[in-house]
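# Residue-level structural notes
Given next are the chains, with one letter for each unit.
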Amino acid sequence: MADSEAFDFQIARIIGIIKDTGAKTVGLQFPEGFKRRAPGIAHEIEKATAAQILISGNPCFGACDIDVYLARRVDILFHFGHAVLDDSNYVKNVYFIEVRSNAAVEEVVNKSLEMLKGKRIGLITTVQHVHKLQEASEILQAHDKVCVIGKGDAKIAYPGQVLGCNFSSARAEICDEYLYIGSGYFHPMGVALSTGRRVLIADPFVNEVRELDISKVLKQRSAVIGRSLDADLFGMIVCSKPGQERMALALKLQDLIRRHGKDARIIMMDLVTPDQLLQFKVDAFVNTACPRLAIDEVGRFNAPMLTPPELEIVLGEKTWEDLVFDEITA
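I will try to describe carefully the structure that is included in this document.

## As for the sheet that holds strand β9 (residues 208-211)
If you walk across this open sheet you meet the 5 strands as β6-β5-β7-β8-β9, and the pairing is mixed. The sheet is open, and its two edges are formed by β6 (146-148) and β9, each paired on a single side. Neighbour-to-neighbour, the strand axes of this sheet turn through a mean angle of 25°, independent of strand direction. The sheet contact formed by strand β7 (residues 177-181) and strand β8 (residues 198-203) spans 5 bridges and is parallel. Directly across from tyrosine 180, in β8, lies its bridge partner isoleucine 201. Docked against the sheet, helix α5 (residues 133-141) engages β5 (120-125), β6 and β7, running at close to 160° with respect to β5.

## Side note on the pattern of salt bridges
Inspection of the entire model under this criterion finds 20 salt bridges. With its nearest N and O atoms 2.9 Å apart, the salt bridge here joins lysine 241 to aspartate 65. Note that lysine 241 is positioned in the loop between β10 (233-239) and α9 (247-259) and aspartate 65 in the loop between β2 (52-55) and α3 (68-71), a separation of 176 residues in sequence. The burial state of lysine 241 is the same as that of aspartate 65; both residues are buried. With its nearest N and O atoms 3.1 Å apart, the salt bridge here joins aspartate 263 to arginine 258. When salt bridges that share partners are traced, they join Asp65, Lys241 and Asp270 into one network.

## Quick word on unusual backbone geometry
Positive phi, normally seen in glycine, also occurs at aspartate 144, with a value near 70°. Judged by relative accessible area, which is 55%, aspartate 144 ranks as exposed. The backbone of asparagine 207 sits at a positive phi, close to 55°, despite the residue not being glycine. Tracing the sequence through the fold places asparagine 207 in the loop between β8 and β9.

## Side note on helix α7 (residues 186-195)
Burial analysis of α7 places 9 of its 10 residues in the buried class, which makes it a mostly covered element. Those residues of α7 not exposed but buried are Phe186, His187, Pro188, Met189, Gly190, Val191, Ala192, Leu193 and Ser194. Considering only its buried residues, α7 is in contact with β5, α6 (168-171), β7, β8, α8 (215-228) and α11 (292-296).

## Some details on the pairing of β2
It is a general feature of regular strands that their side chains alternate between the two faces of the sheet. As paired elements, strand β1 (residues 25-29) and β2 share 4 bridges and run parallel to each other. Paired with valine 26 across the bridge in β2 is isoleucine 53. Read as a crossover between parallel neighbours, the route from β1 over helix α2 (residues 38-49) to β2 is right-handed.

## With respect to the nonpolar core
For soluble globular proteins, the rule of thumb is that nonpolar side chains tend to be buried together. The biggest cluster of nonpolar side chains holds 23 residues, and the ones touching the most others in it are Phe9, Leu28, Phe78 and Phe80. Put simply, the parts of the chain that give this core at least two residues each are α1 (11-21), β1, α2 and β3 (76-80). Broken down by element, the residue count for this core peaks at 5 residues, all from α1. Discounting chain neighbours no more than four positions away, the residues touching phenylalanine 78 are Ile14, Ile17, Ile18, Val26, Gly27, Leu28, Gln29, Tyr95 and Ile97. Grouped together as the second largest cluster of nonpolar side chains are 20 residues, Val148, Phe186, Leu193 and Ile201 included.

## Examining the pairing of β7
Burial of β7 is extensive: 5 of the 5 residues sit out of reach of the surface. Across the two faces of β7 the burial is the same, with Glu177, Leu179 and Ile181 and Tyr178 and Tyr180 all buried. In this fold, the crossover linking β7 to β8 by way of α7 has right-handed handedness.

## Notes on the packing of aromatic side chains
Note on aromatic pairs: each is described by the distance of the centres and the angle between the planes. Taken as a whole, this structure holds 8 aromatic pairs when the rule is applied. A ring pair is formed by phenylalanine 9 and phenylalanine 34, whose centres lie 5.2 Å apart and whose planes are at 75°; its orientation type is edge-to-face. Taken together, the residues span a long stretch of sequence, with phenylalanine 9 in the segment before α1 and phenylalanine 34 in the loop between β1 and α2 at a distance of 25 residues. On the accessibility criterion, phenylalanine 34 (1% relative accessible area) is buried. Pairwise contacts between aromatic rings join Phe7, Phe9, Phe30, Phe34, Phe80 and Phe205 into one cluster.

Rules and cut-offs
Counting of residues starts from 1 at the beginning of each chain's written sequence and follows it residue by residue. Note on the predicted model: pLDDT of at least 70 is required for a residue's local features to be given, and 80 or more for side-chain atom pairs to be given and counted; whole-chain, interface and lining totals, by contrast, use all residues. Hydrogens and waters are ignored; side-chain quantities use all the structure's heavy atoms. Note on pairing: DSSP must find at least two bridges between two strands before they are called paired. Only DSSP runs of H or I reaching four residues or more are called helices, and only runs of E reaching two or more are called strands; each is numbered from the N terminus. Angular values range over 0 to 180 degrees, each being the angle between N-to-C directions of two axes fitted as lines to C-alpha atoms, with helices fitted over their stretch in contact. Whether two residues are in contact is decided by their heavy atoms: any pair within 4.5 Å suffices. Salt bridge, as used here: a side-chain nitrogen of Lys or Arg that lies within 4 Å of a carboxyl oxygen of Asp or Glu. Burial here depends on accessible area, computed with a 1.4 Å probe over protein chains only, as a share of the maximum for the residue type. Under 20% is buried, over 50% is exposed, and the range in between is partly exposed. A right-handed crossover is one whose linking path, passing over the helix from the first strand to the second, runs clockwise when the strands point away from the viewer. Residues belong to one nonpolar core when they are buried, are Ala, Val, Leu, Ile, Met, Phe, Trp, Tyr or Cys, and are joined through side-chain atoms within 4.5 Å. Any two of the Phe, Tyr and Trp rings considered here, Trp counted by its six-membered ring, make a pair once their centres fall within 6.5 Å; the pair's planes then place it as stacked at under 30 degrees, edge-to-face at over 60, or tilted in between.

If you want it as structure tokens, here you go:
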């Protein structure tokens, strides 16, 4: 995560909401990259409102990951760094603070012109930079590129926005290649796997353009699938977080596994980590929680961790050529 001074935490807006609602207890929830700013932000808010501030110390992986327990103990919870999901209204007192980036994109988008090969360019980013996509489009179009900012499904708040578990805006229209505005690798990697197209990363924080290479990830996923081919007992991971819970999918996959003469047991949990699963002795896990888990934590689980599409390959329902990125779509 880039230096958080480059982001707008909307402190004045937050203070105004607290004063307007008369909230006495206020919760703050931050994703990992912004947690270091939590004490300072809490101090600013408390000084301006006299409200009691409680900071969530739990991990936060997205808008799907509201600290429900904290939200129920406070009058208002401010959730930083993500845009509201279509199904996020299960907690009524949550305000989403998107934390837009102040980083300029003109120079790095101009740099990308040297590396872009296609004519029709799909522009994608996270919520931190969605307000910069129109500017990026105008720069590219001035150099004879056709720019596409696709509209995603109901889980996507803005055109061109991608989540770690949803790349529908990239798939909305066919493009020659994609330009991702941002600093991370996971979101553009998901787009590359989801679309099969070349993806460039235009990082406005270090003013650098990089071509994404997904060969290492594909090798890792191939190894996970290979290690699972002889599995007879599967552990089906279901997350209890409301925004990640996919019990219906887990039950469907459990039935599929049993129809292939194998067995599967559903393991329901809140925080899914390699340590939490260490004592479960199965031949392979199948992750229906956050799709990032199987990718980010590869090799750290005590048994191979498959995604749902990979399980279908293991069972012979699909071939390796059919591999797609696991997504949580509307």
